[in-house]
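Residues per chain, in single letters:
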Amino acid sequence: MHEAKAIAVVAADPLALTLLKPPGEMGADVAVGSMQRFGMPMGYGGPHAGYIAAKEAYKRALPGRLVGVSVDSRGNRAYRLALQTREQHIRRGSATSNICTAQALPAVIASMYAVFHGPKGLKAIAERVHRKAGRLADGLASLGFSIAPQEFFDTITVEVGPYQGLIMKNAVDNGVNLRKAGRDRIGITDDERTRPATLEAVWRAFGGYNLVYRDEFPKYRLPAALIRKSTYLTHPVFHMNRAESEMTRYMRRLADRDLALDRAMIPLGSCTMKLNATAEMLPITWPEFAEIHPFAPVGQALGYAEIIEDLSNKLCKITGYDAFSLQPNSGAQGEYAGLLTIRAYHRSRGEEHRSICLIPASAHGTNPATASMCGMNVVVVATDAKGNIDLADFCAKAEASAATLAAAMVTYPSTHGVFEETVHEICAITHANGGQVYLDGANLNALIGLARPGDIGADVGHVNLLVCACAPMETYIKAAE
């Protein structure tokens with residue numbers, strides 16, 4: 001790929017990389033993947049943290065901020081934002097970092113999982129996962145099935161010929177879901193939660209009623225040339241916490257260094273104030289919620305379907321919109337999904353050339369970043385002396401870009417907590433010039449029961465449920481009144 005002047009990107013499971021040579025050592029320029037294996041339940045598809053890593057040459061193109069080690073004015077070790085690329089506020093027209101708090105939370109969970117287990121603990125988990133996959137493959141091979149590939153970490157594909165349907169049904173009858181691969185193969189993946197009884201259930205599905213799990217060490221199925229020899233997680237913090245009480249104290253020390261709602265008022269927008277009661281957090285620990293795989297058959301997830309339909313219907317009534325998607329797991333992802341919807345709308349009308357997105361200078365920083373990520377060209381609209389949208393400037397820029405106007409992004413109430421009286425006019429101007437209005441609903445808690453974004457004139461929007469559905473709504477409604 002490098003000879004063709006291309007960039008090599010590798011998708012890799014970080015748990016597997018405790019045993020396998022890292023992509024950077026193989027020559028890859030970029031590595032990406034999911035951190036779900038680091039302490040996050042499947043949760044019917046999310047939310048999960050992801051990661052992106054790159055060679056030195058590409059570090060300034062990475063979204064977000066990178067933390068570096070430095071020294072302070074007294075010569076002590078200090079951590080600082082080595083690359084201050086919070087570009088939503090610096091170069092809004094080409095920003096790419098639309099990361100928000102809800103996306104950071106799974107990343108914190110994954111990092112604490114690594115801190116608690118350390119390099120040795122993570123490697124031990126990976127070895128157990130690999131051993132179970134090896135035992136599974138050996139058992140199926142003893143039944144006469146052909147296994148591919150011969151070298152693997154946790155996933156195998158079994159040639160089953162015309163018996164695919166029968167084996168899949170047998171598996172469900174034994175309480176196991178397998179993956180259909182083509183017309184004559186079945187894919188199987190094990191993980192940290194796989195138990196001996198699970199492997200025996202899989203063998204029974206394949207006809208191995210007499211196979212019994214034995215806690216023996218099967219041979220390594222990893223390619224010898226790709227066994228990891230380099231060290232990882234060398235920072236002292238990954239070697240200091242092994243007891244739950246010690247880990248709890250460490251996390252408390254970190255919390256004490258932050259300004260939190262249990263200590264003081266946070267002087268930031270309401271989209272940052274998250275008050276999640278314990279009663280609301282407990283269900284994510286229940287297996288019925290946490291352990292459902294996103295590819296589980298629909299008939300096995302009827303409870304999730306009921307919850308999703310019920311919540312969607314309630315949100316439609318609250319907001320005045322016609323339909324809801326509950327797939328985005330953060331406000332920033334909601335923005336991204338919303339602008340992609342607007343782009344798809346224009347494409348369906350043969351107007352794919354529409355790419356201008358009008359965004360007020362007062363908007364949340366994720367707005368311009370999201371527009372850039374969706375391939376839109378950001379045009380910043382001025383604000384008046386009070387911080388509200390300058391209607392004359394908005395109108396002028398909408399008319400100037402009428403032929404290519406795709407969208408306008410509006411936050412209502414605004415980021416500085418004002419119900420701007422010109423919101424109806426802004427929607428009308430946008431529509432008159434061929435664009436769609438995206439309403440940032442991070443502060444919906446100020447509207448519930450009083451006004452609906454759909455009635456205001458917005459076409460698409462997102463709702464921050466972690467704000468307006470996790471704190472007592474009566475408080476916000478009374479405050480709004």
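Since we're looking at a predicted model, the values are computed, not measured.

Colleague: What's the story with the pattern of salt bridges in this structure? I'm lost.
Modeller: Pairs can form between side chains of opposite charge whenever their charged atoms are close. The tally for this structure, following the rule as stated, stands at 16 salt bridges. Measuring nitrogen to oxygen at the nearest pair gives 2.9 Å for the salt bridge that ties Asp154 to Arg37. With Asp154 in the loop between β6 (146-148) and β7 (155-159) and Arg37 in the loop between β2 (30-34) and β3 (50-54), the pair connects residues that are 117 residues apart, well separated along the chain. Comparing Asp154 with Arg37, the two get one shared label, buried. Connected via shared salt-bridge partners are Asp13, Arg37 and Asp154.

Colleague: What's the story with a nonpolar patch on the surface in this structure? I'm lost.
Modeller: There is a patch of nonpolar side chains on the surface, built from Val67, Val69, Tyr79 and Leu81 and spanning about 400 Å² of accessible area. If you list the elements that add at least two residues to the nonpolar patch, you get β4 (66-71) and β5 (77-83). Looking at the secondary structure, you find Tyr79 in strand β5.

Colleague: For this particular structure, what's the right way to read the confidence of the model for the protein?
Modeller: Where the model shows low pLDDT, its predicted coordinates should not be examined in detail. In this model, the protein carries a mean pLDDT of 88, and residues with pLDDT of at least 70 account for 92%. Low pLDDT, under 50, characterises residues 472-481; the stretch is placed with 11 contacts to residues that sit more than four places away or in other chains.

Colleague: It is not clear to me how the packing of helix α10 (residues 331-348) against helix α11 (residues 366-373) should be interpreted in this structure. Could you clarify?
Modeller: When two helices pack together, their arrangement is given by the angle between the helix axes and the distance between those axes. It is the contact of α10 with α11, at a shortest axis distance of 9 Å, that shows an interaxial angle of 45 degrees. Here α10 lies oblique to α11, going by the angle between them. Taken as a pair, α10 and α11 cross one another with a handedness that is right-handed. Touching Ala332, Glu335, Tyr336 and Leu339 of α10 are Thr366, Asn367, Thr370, Ala371 and Met373, all from α11.

Colleague: I would appreciate a short explanation of the sheet that holds β2 in the present structure.
Modeller: Whether parallel or antiparallel, the strands of a sheet pair through hydrogen bonds between backbone atoms. On the basis of which strands lie adjacent, the open sheet formed by three strands has the order β1-β2-β3 and mixed pairing. Sheet topology places β1 (9-11) and β3 at the edges, where each strand pairs with a single neighbour. The mean inter-strand angle of the sheet, taken between neighbouring strand axes irrespective of direction, is 15 degrees. In the sheet, β1 pairs with β2 via three bridges, with the strands oriented parallel. Residue pairing for β2: Ala11 is matched across the bridge by Val32.

Colleague: Is there a simple way to think about the nonpolar core in this case?
Modeller: Here is a general trend for soluble globular proteins: nonpolar side chains tend to be buried in one another's company. Membership of the largest hydrophobic core comes to 26 residues, with the highest contact counts inside it found for Leu15, Met35, Phe38, Tyr51, Val115, Phe153 and Tyr250. For this core, the secondary structure elements donating two or more residues are α3 (101-142) and α6 (244-256). In terms of residue count, the dominant contributor to this core is α3 (nine residues). Not counting residues up to four positions away in its chain, the partners in contact with Tyr250 are Met112, Val115, Val237, Met240 and Asn241.

Colleague: Whenever I open this one, the packing of aromatic side chains confuses me. Can you help?
Modeller: To describe a pair of aromatic rings, you give the distance between the ring centres and the angle between the ring planes. This model, assessed by the stated rule, comprises seven aromatic pairs. Look at Tyr44 and Tyr304: their rings are 4.6 Å apart centre to centre, the planes differ by 35 degrees, and that puts the pair in the tilted class. Placement of the pair is Tyr44 in the loop between β2 and β3 and Tyr304 in helix α9 (residues 302-319), with a sequence separation of 260 residues. The class of Tyr304 is buried, set by a relative accessible area of 16%. The interplanar angle of 80 degrees and the centroid separation of 5.9 Å between the aromatic rings of Phe289 and Tyr304 together place this pair among those described as edge-to-face. Of the two residues, Phe289 sits in helix α8 (residues 287-290) while Tyr304 sits in helix α9, which places them 15 residues apart along the sequence. An aromatic cluster is defined as three or more aromatic residues linked by ring pairs; in this entry it consists of Tyr44, Trp286, Phe289 and Tyr304.

Colleague: Any chance you could explain the sheet that holds strand β13 (residues 436-441) here in plain terms?
Modeller: Sheet architecture is open: five strands sit in the order β11-β10-β12-β13-β14, paired in parallel fashion. Only two strands of the sheet have a single neighbouring strand rather than two, namely β11 (377-381) and β14 (460-463). On average, adjacent strands in this sheet sit at an angle of 20 degrees to one another, irrespective of strand direction. Bridge count between strand β10 (residues 356-360) and strand β12 (residues 405-411): three bridges; the pairing is parallel. Paired with Leu358 across the bridge in β12 is Ala408.

Colleague: Quick question: what am I supposed to make of the side chain of Thr430 here?
Modeller: Looking at the element boundaries, Thr430 is found in helix α13 (residues 423-432). Take Thr430: its relative accessible area is 0%, and that puts it in the buried class. For Thr430, the residues in contact, after removing those within four places along its chain, are Phe394, Leu405, Ala408, Gly435, Gln436 and Val437.

Colleague: How should I be thinking about the pairing of strand β9 (residues 185-189) in this particular structure?
Modeller: In regular strands, side chains alternate between the two faces of the sheet. Alignment of β7 against β9, held across five bridges, turns out to be antiparallel. Note on β9: the bridge partner recorded for Val158 is Ile186. Pairing of strand β8 (residues 179-181) with β9, which is carried by three bridges, proceeds in the antiparallel orientation. Residue pairing in the sheet places Ala181 in a bridge with Arg185 of β9. Linking β8 back to β9 in an antiparallel pair, the connection comprises three residues, with Gly182 at a positive phi of about 65 degrees.

Colleague: How should the environment of Phe419 be read in this particular structure?
Modeller: Within the element layout of this structure, Phe419 appears in the loop between β12 and α13. In this structure Phe419 comes out as partly exposed when scored by relative accessible area, which is 37%. For the pair Phe419 and Leu447, spaced 28 residues apart in the sequence, the C-alpha separation amounts to 9.7 Å. Setting aside chain neighbours within four positions, we find Phe419 in contact with Tyr412, Pro413, Ala446 and Leu447.

Colleague: What is the right way to read the state of the cysteines from this model?
Modeller: Disulfide: a covalent bond connecting the sulfur atoms of a pair of cysteines. Scanning the model with the defined rule gives zero disulfides in all. Cysteine Cys374 is unpaired, with the sulfur of Cys357 as its nearest cysteine sulfur at 8.6 Å. The exposure class assigned to Cys374 is buried, which follows from its relative accessible area of 8%.

Definitions and limits used
Residues numbered from 1 in each chain as written. Predicted model: local features only at pLDDT ≥ 70, side-chain atom pairs only at ≥ 80, totals over all residues. Heavy atoms only, no water. Salt bridge = Lys/Arg side-chain N within 4 Å of Asp/Glu carboxyl O. Helix = DSSP H or I, 4+ residues; strand = E, 2+ residues; numbered from the N terminus. Buried < 20%, exposed > 50% of the residue type's maximum accessible area, 1.4 Å probe, protein only. Patch = residues over 30% accessible without salt bridge, like charges linked within 9 Å, V, L, I, M, F, W, Y side chains within 5 Å. Areas by Shrake-Rupley, 256 points an atom, 1.4 Å probe, with all protein chains shown as cover. pLDDT = per-residue confidence, 0-100. Contact = heavy atoms within 4.5 Å. Axes fitted to C-alpha atoms, helices over the stretch in contact; angles between N-to-C directions. Parallel < 35°, antiparallel > 145°, perpendicular 65-115°, else oblique. Left-handed = near helix turned anticlockwise from the far one by under 90°. Pairing = 2+ DSSP bridges. Core = buried A, V, L, I, M, F, W, Y, C linked by side-chain atoms within 4.5 Å. Phe/Tyr/Trp six-rings, centres within 6.5 Å; stacked < 30°, edge-to-face > 60°. Disulfide = S-S within 2.5 Å.

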